[in-house]
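# Per-entry structural report
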Amino acid sequence: MHDEYDIVVVGGGHAGCEAALAAARLGTKTLLITHAVDRIAALSCNPAIGGTAKGHLVKEIDALGGEMGKAIDSAGIQFRVLNRSRGYAVWSSRAQADMGLYQRYMKKTLEQQANLHVRQDSVEGLLVTDGKVRGVDSKIFGRCHARRVIITSGTFLNGLIHIGATRITAGRAGDAAAVALAGFFQQYGFAVGRLKTGTTPRLDARSIDFSQLTQQDSDADIIPFSFSTDKITQPLLPCYITATNAATHAIISRHLDQSPLYGGDIQGVGPRYCPSIEDKVVKFPQRQSHQIFLEPHGYDTCEVYPNGISTSLPIAAQLAFVRSIKGLQQAEIIRAGYAIEYDFVDPQELYPSLETKRTAHLYLAGQINGTTGYEEAAAQGLMAGINAARSCQDKEPLVLSRTQAYIGVMVDDLVTKGTSEPYRMFTSRAEHRLHLREDNADLRLTPLGIDIGLVDARAAARFGQRRTALQDCLALLQRTRLNEPRGTAREVWKRPGVGQQEMLALVPQLRDFAPRVLRSAEIEIRYEGYIKRDARNMKLLDDLERVLIPHSFEFAAVAGLRGEFVEKLSRIRPATLGQAARISGMTPTAVQLLHVFLHNRTGRTS
């Protein structure tokens, strides 16, 4: 077969789904190739979406016209906001998902999308001529020509599973690895590394004594992920909390010689902020226990995910340490925990558009770029899909800045600094997190989504209504004067200890506004001074971002620029002076030399 498409997306995980939907919605004929259609959007590790900074990414995906927020609102079985004891800027939404419902929602969405075709097959290689990708070569359907290709291979490139001494070549449990495709990146000289991640054993809920455990329910004041969702209406389920203990740690310590992680069998670097239980025991010997969250897989299954005990120990050791934990004394393991190693491409091989520098018209998104997490993958997939489509239409790529979105922070970190370990998004990575909040993701990004054509008319109308409602709410608070010496309602809401309930009692008209609007109004009022100060700092950063560096620029021509800086700049090829300044090791003097040279040569900075 010799089909022709505008865009071929390889991989049906979270990055692939967002990439394919974005490309198709922007009017390009798109094909999604996945090795198993029934595993589209599988939650391969934990059954949850969101979390610290990850919730921000999901809101931004939704604000730009992506699908992840709608999917979790539809399939969520528990909703909570993390970091409530801290400032609003770091409040992060997280939801447990019914894994089956989530997959079916996304599969149905893909199947009903105009311009999008889905095919079950395995991509064995890419078609490249004259330095440009021209399509893919698949195992069953053969060659498929495409103007652009997006690879979202997740953990499948040379994937290798470890369970004790057992080795299984796989992309995840039960799925074949992408070995032939991995060879392409080595053949064409891409800088390829090896990373590792892992997952926990899955337990049978019928064998757990929940009466010994602490129950954790959803928040009472749920605000959905998607700005298009009014309310969560489905039944909600609790999670349960337990913890490891000294006996657990002793069992793990006795079996460390059987751990592929500590026996030298695993070469890939694992995620620092989501370590295995073996790592926790070895690296934190002073800790007497580690918390475990028992998370249900869904309504119609007995499988439970014990979040916090990722492991690659042999199955007998897994069962032994699991049964040493309170409430799990009789637990049965349905699926073994395991570690998986896989290839990734150094993200410094990419432009900020996520197109590769070595091969034109080829885009990479997700764990292939060294990230970890569903949300990070989905955000990259969205941007790759947008930019591949815009490239087909001879439009400039969409590149979000660090002042616009967490997505911008993540992509800039990856393409500028690279990564030697699985990259995870954190609020601390964002210099302007007071501005990049969950509640205002639509205010920051939906106008952009409307402008590029990804936000549909219905969502655009809802956005307009919400923006007007927020303006009306703030105006009401400004003009409403309370009994002296209180002043205006807006001034009163700035005072410590005055929350939403107090304001609703003082200004009953506020009850006409949705909870989402009231939360945004409260944040804008409470942090007004800080937000204004942050806006001034963002302008300074934006000034650097407006200093453009031509793609063919010869850095060696800059007098006084040291050789090490010339090498780094020539390899990374920063698009702006701001990006150049963030390259590891760059000095203010080097940046100033570059700035002066650019200004003298062009007489302008943007």
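Just above, that's the structure.
Here goes a summary of the coordinates provided.

Calculation notes
- Think of each chain on its own: its residues are numbered from 1, step by step along the sequence as written.
- Where local features are concerned, this predicted model is filtered to residues with pLDDT of at least 70; where side-chain atom pairs are given and counted, the filter is 80 or more; whole-chain, interface and lining totals use all residues.
- Water and hydrogen atoms were dropped before computing side-chain values, which therefore reflect all heavy atoms in the structure.
- The helix and strand labels rest on DSSP assignments: H or I over at least four residues marks a helix, E over at least two residues marks a strand, and numbering proceeds from the N terminus.
- For the radius of gyration, the atom set is restricted to C-alpha positions; the globular benchmark scales as 2.2 Å times the number of residues to the power 0.38.
- Burial status follows relative accessibility: with a 1.4 Å probe on protein chains alone, a residue under 20% of its type maximum counts as buried, one over 50% as exposed, and anything between as partly exposed.
- The salt bridge criterion pairs a side-chain nitrogen of Lys or Arg with a carboxyl oxygen of Asp or Glu, the two atoms within 4 Å.
- We call two residues contacting when some pair of their heavy atoms lies within 4.5 Å.
- Here the nonpolar core consists of buried residues drawn from Ala, Val, Leu, Ile, Met, Phe, Trp, Tyr and Cys, with membership extended through side-chain atoms lying within 4.5 Å.
- The criterion for an aromatic pair is that two Phe, Tyr or Trp rings (for Trp, the six-membered ring) have centres within 6.5 Å, with stacked assigned to planes under 30 degrees apart, edge-to-face to planes over 60 apart and tilted to the rest.
- The criterion is that NZ of a Lys, or CZ of an Arg, lies within 6 Å of the ring centre and within 35 degrees of the ring normal, and then a charge sits over that ring.
- Only when DSSP finds a minimum of two bridges between them are two strands counted as paired.
- Fitting a line to C-alpha atoms yields each axis, with helices limited to the stretch in contact; the angle taken between N-to-C directions then spans 0 to 180 degrees.
- Each angle is binned into one of four classes, with values under 35 degrees roughly parallel, values over 145 roughly antiparallel, values of 65 to 115 roughly perpendicular, and all other values oblique.
- The handedness criterion is simple: a crossing whose near helix is rotated anticlockwise from the far helix by less than a right angle is left-handed, and one whose near helix is rotated clockwise is right-handed.
- Polarity classes work like this: nonpolar for Ala, Val, Leu, Ile, Met, Phe, Trp, Tyr, Cys and Pro, charged for Asp, Glu, Lys and Arg, and polar for all others, with Gly in that last group.
- When the strands point away from the viewer and the path from the first strand over the helix to the second turns clockwise, the crossover is right-handed.
- Any two cysteine sulfur atoms within 2.5 Å of one another count as a disulfide.

From N to C terminus, the protein includes 19 helices and 22 strands. Here the protein has a C-alpha radius of gyration of 25 Å; the compact-globule value for 606 residues is 25 Å, and the two agree. Projected onto the principal axes, the alpha-carbon positions of the protein cover approximately 70 × 65 × 50 Å. Burial statistics for the protein: of 606 residues in total, 58% are counted as buried.

Across all of its chains, the model carries 41 salt bridges by this definition. With its nearest N and O atoms 2.5 Å apart, the salt bridge here joins R167 to D265. Taken as a pair, R167 in strand β11 (residues 166–169) and D265 in the loop between α6 (246–254) and α7 (277–283) lie far apart in primary sequence, 98 residues in all. Among the ionic pairs, E564 bridges to R562, the shortest N-O distance being 2.3 Å.

By the secondary structure assignment, G578 is in helix α18 (residues 577–581). Judged by its relative accessible area of 1%, G578 is buried. Spatially, the C-alpha atom of G578 lies 8.1 Å from that of D543, the residues being 35 residues apart in sequence. For G578, the contacting residues outside a window of four places in its chain are L544 and E545.

To continue, consider the nonpolar core. The biggest cluster of nonpolar side chains holds 99 residues, and the ones touching the most others in it are Y102, L126, I151, F185, L362 and I407. Here this core takes eleven residues from helix α9 (residues 374–392), the largest share from any one element. In contact with I151, other than residues within four places in its own chain, are V10, L126, L181, F185, L362, Y363, L364, A365 and I368. Counting residues in hydrophobic clusters, the runner-up holds 21 residues, among them I252, V281, L313 and A331.

Turning to the packing of aromatic side chains, a few remarks are in order. In this structure the tally under the stated criterion is ten aromatic pairs. Consider the rings of Y88 and Y527, whose centres lie 6.3 Å apart with planes at 85 degrees: the pair is edge-to-face. Of this pair, Y88 sits in the loop between β4 (76–82) and β5 (92–97) while Y527 sits in the loop between α15 (515–526) and α16 (528–545), and the two are 439 residues apart along the sequence. By relative accessible area, which is 22% here, Y527 ends up partly exposed. Ring-pair connections join several aromatic residues into one group, and the members of that group are Y88, W91, Y527 and Y530. Geometry around Y5 places K29 over its ring, the cationic atom sitting 4.7 Å from the centre.

Attention shifts here to the sheet that holds strand β10 (residues 160–163). Ordered by their spatial adjacency, four strands build an open sheet running β11-β10-β19-β12, and the pairing between neighbours is antiparallel. Taken across any chain shown, the strands that pair with only one partner, and hence form the sheet edges, are β11 and β12 (192–199). Across the sheet, the mean angle separating the axes of adjacent strands is 25 degrees when strand polarity is ignored. Examined bridge by bridge, β12 and strand β19 (residues 338–345) share eight bridges and lie antiparallel to one another. Following the sheet pairing, G198 is matched in β19 by A339.

When a strand is regular, its side chains alternate between the sheet's two faces. Where strand β7 (residues 123–129) meets strand β8 (residues 132–138), six bridges bridge the pair, whose relative direction is antiparallel. Residue pairing in the sheet places V123 in a bridge with S138 of β8. Hairpin remark: β7 followed by β8, antiparallel, with two residues in the connecting loop; positive phi at D130, about 55 degrees. Remark: three residues form the turn of the hairpin made by β8 and strand β9 (residues 142–151), two consecutive strands paired antiparallel.

A word on the packing of helix α1 (residues 14–25) against helix α4 (residues 99–112). For any two helices packed against each other, one specifies the inter-axial angle together with the distance between the axes. Following both chains from N to C, one finds α1 and α4 inclined at 25 degrees, their axes separated by 11 Å at the closest point. Considering their axes alone, α1 and α4 lie roughly parallel with respect to each other. Helix-helix and strand crossings are classified by hand; for α1 and α4 the assignment is left-handed. Mapping the contact onto sequence places H14, C17, A20, L21 and R25 in α1 and Y102, M106, T109 and L110 in α4. By residue class, the composition of the contact of α1 with α4 is six nonpolar, two polar and one charged.

Taking strand neighbours across the sheet as the criterion, the six strands line up as β14-β15-β16-β17-β13-β18 in an open arrangement whose pairing is antiparallel. Because the sheet does not close on itself, it has two edges, and the strands there are β14 (214–216) and β18 (333–335). Mean inter-strand twist for the sheet, computed between neighbouring axes without regard to direction, equals 35 degrees. The pairing of strand β13 (residues 202–204) with β18 spans two bridges and is classified as antiparallel. Residue pairing for β18: L203 is matched across the bridge by I333.

Moving on: the pairing of strand β2 (residues 30–34). Among the five residues in β2, five count as buried, and that is most of the element. Side-chain alternation along β2 places T30, L32 and T34 on one buried face and L31 and I33 on a second face that is also buried. The β-α-β motif built from strand β1 (residues 3–10), the intervening α1 and the parallel element β2 has right-handed crossover chirality. Pairing geometry for β2 and strand β6 (residues 116–120), over five bridges, is parallel. By the bridge assignment for β6, T30 is matched with L116.

Cysteine pairs can be linked by a disulfide, which is a covalent bond between their two sulfur atoms. This structure, assessed with the given rule, holds zero disulfides. With no disulfide of its own, C144 has C392 as its nearest cysteine by sulfur position, at a separation of 13 Å. C239 takes part in no disulfide bond, and the closest cysteine sulfur, belonging to C45, lies 15 Å away.

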